Every structure is written in C-alpha cells, then in structure tokens.
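# Fold and geometry: a report
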Amino acid sequence: MNRDVAKRAAANAAVALVEDGMTVGLGTGSTAAMFVNALAERVQQDKLREVTCVATSESVAGRAITMGLRVVDLINEIDLAVDGADEVAFPDLRLIKGLGGALVREKIVAEAARRFIIIVDSGKLVDRLGIHVPLPVEIIAFGAEQTCRRILSLGVGARFRSLPEGGKVISDNGNPIVDCYIGPERDVAWTNDLIRAMAGVIETGYFDTEIERVIVGDCSGTVKQLIAPAKKMVCRDVN
Ligand code: 5RP
C-alpha cells in the first residue's frame, strides 16, 4: 500500500474543515505533517487569511513556522485539532498515540479542542488496541527505573524507548518514555487505568478523548470518514 497517498488524502480532507479565523491544533507525525503542508499551502494561496496554530511538539512548531504559519502558545481553547494516530479501534474510535513521543502535548491539545479530528491511512484501523503497537507512557525522570519496574509488575512488558545510538529517548517535556506491551490477553483500558494511577506516570498514549471523526485515507487517494457515535443522553431528576 502506498501509505503516503493515503495519508495525504486524509490530510487534504481535514484541511477542508479549516475556516478563516480558527485556532488549529497541529499534531505530530508523518500524517500530521502532511496536514501542516496542506494548511500552509492554503494560507499561501490566500484561501485562509487568519489562522493561528498551536503545535504539539517542537518539531511540528518548527515545521509550521518555516512554512509561514503563525504558531502561538496554548492559552485559549482550540477550534479544531488535527492529529494522526498509531492505532484506531473501530467502531468505538479509541486510539493509541505517541509512537512519535508527543503524547502528553497531543492529549492536552486534544482536550483543549472543541473539535478533535484524526487522520490516518487505513492500515491503522484495528479491532483491538495494543496488540500490534506498544502503549507509550511518559514518566517522570525521578525514580524512572523504579516506575518502569512497577509497570512490569503488572505483568505488562515495559521498556524505555531508546535512541539508535544508545540512551533514552527524552520527550519535549524532558521526560523518558516507556513503551508498554499489552498483548492480546489484557484489556488496554483496564491496564491503562492501572498504569495511570501510579505515582511517577505523567500520561499515556491511550486516548478515549471525544473524537469528532476519523478521516481514513486509502492508497487510491479516496477517503472515508468515521463519525463518532452520538453521546448518550443522560436524564436525571433534579429534585
Ligand atoms: C506522535 C503520534 C503520531 O500521531 C502517531 O505516531 C502517528 O504518526 P504517523 O502519522 O507518522 O504514523 O502520536 O506522538
């Protein structure tokens, strides 16, 4: 499968959702980078005049600025955030993200966004999360070995993400990342809750955040859009 064609198709479909005056959250990764390219192109063509961006990593901030986009700190709500994912569970649209190491800022931006949109190629759709990719977990540097051992004690495979030249990968926030191998026997949501409850754990790449839609590109350049099921209405008596 030509994944680049698929990723670009999804990115182009997402850019069509951006309107003048919006604050747009920029995700991290190769698919999100294609969205940045497409957004910059629309701005250069003068089709969008006033777009402000919030970046989920230093690398995407640099890319966006180089391409002429205006990047600001996250202070106010974001109108629309567009990001990639490592796995998308279908049909419930939960995600694993963070193989690019930006999971904490990505989650903060997703939660600050009125509309959160995921762009992926069709190879990212799965029935169950956590079987083919690890769950990334960002932890505090203090006591990191001990925190990693505590994750291992849950019966989950866990190892520090490392650089090809040796040494730990360190996130933009200055923290190591532990990749956790959940496997088919464990439920990712349940395991995620246990990991998140540990002191020293900052955040995980399990996203059950409200997602408006997932735009899925395929190698022929067509896209389909998976829309999140409507929220359940809960009625309560007030007296
Ligand atoms: C980075 C991420 C990325 O969105 C995820 O890794 C997907 O990247 P790509 O589009 O390159 O496959 O979560 O932290």
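No experiment lies behind these values; they were computed from the predicted model shown.

### Points about a negative patch on the surface
- Among the surface-exposed residues, Glu111, Asp187, Asp193 and Asp208 lie close enough to one another that they form a single negatively charged patch.
- A residue is classified by how much of its surface remains accessible, and Asp193, at 52% relative accessible area, is exposed.

### Points about the site of the ligand
- In the region of the ligand, 16 residues are neighbours, and Ser30, Thr31, Asp86, Gly98 and Lys124 sit closest.
- Note that an oxygen atom of the ligand is positioned 3.3 Å from one of the backbone N or O atoms of Gly84.
- Glu106 places a side-chain nitrogen or oxygen 3.0 Å from an oxygen atom of the ligand.
- Summarising the interface, the protein chains cover 90% of the accessible area of the ligand, which totals 380 Å² for the free molecule.

### What about the nonpolar core?
- The biggest cluster of nonpolar side chains holds 29 residues, and the ones touching the most others in it are Val18, Val24, Leu26, Phe35, Leu39, Ile119 and Ile215.
- Breaking this core down by element, the ones donating at least two residues are helix H1 (3–15), strand S1 (23–26), helix H2 (30–44), strand S2 (52–55), helix H3 (58–66), strand S4 (78–83) and strand S7 (113–121).
- For this core, the leading source of residues is H2, giving 6 residues.
- With 22 residues, the next largest nonpolar core counts Ala89, Ile96, Leu129 and Val178 among its residues.

### Concerning H3
- For H3, the full list of buried residues reads Val60, Ala61 and Ala64. For H3, the angular spread of buried residues about the axis comes to 105 degrees, placing them on one side. Opposite the buried face of H3, by more than 90 degrees, sit the exposed residues Ser59 and Thr66.
- Considering only its buried residues, H3 is in contact with S1, H2, S2 and strand S3 (70–71).
- Within two residues after H3, Gly68 carries a phi angle of roughly 90 degrees, on the positive side.

Parameters at a glance
Residues numbered from 1 in each chain as written. Predicted model: local features only at pLDDT ≥ 70, side-chain atom pairs only at ≥ 80, totals over all residues. Heavy atoms only, no water. Patch = residues over 30% accessible without salt bridge, like charges linked within 9 Å, V, L, I, M, F, W, Y side chains within 5 Å. Areas by Shrake-Rupley, 256 points an atom, 1.4 Å probe, with all protein chains shown as cover. Salt bridge = Lys/Arg side-chain N within 4 Å of Asp/Glu carboxyl O. Lys, Arg positive; Asp, Glu negative; His and termini not counted. Charge placed at Lys NZ, Arg CZ, Asp CG, Glu CD. Buried < 20%, exposed > 50% of the residue type's maximum accessible area, 1.4 Å probe, protein only. Near = heavy atom within 4 Å. Polar contact = N/O pair within 3.5 Å; in protein donor to acceptor, adjacent residues only side chain to side chain. Core = buried A, V, L, I, M, F, W, Y, C linked by side-chain atoms within 4.5 Å. Helix = DSSP H or I, 4+ residues; strand = E, 2+ residues; numbered from the N terminus. Arc of directions from axis to C-beta. Contact = heavy atoms within 4.5 Å.

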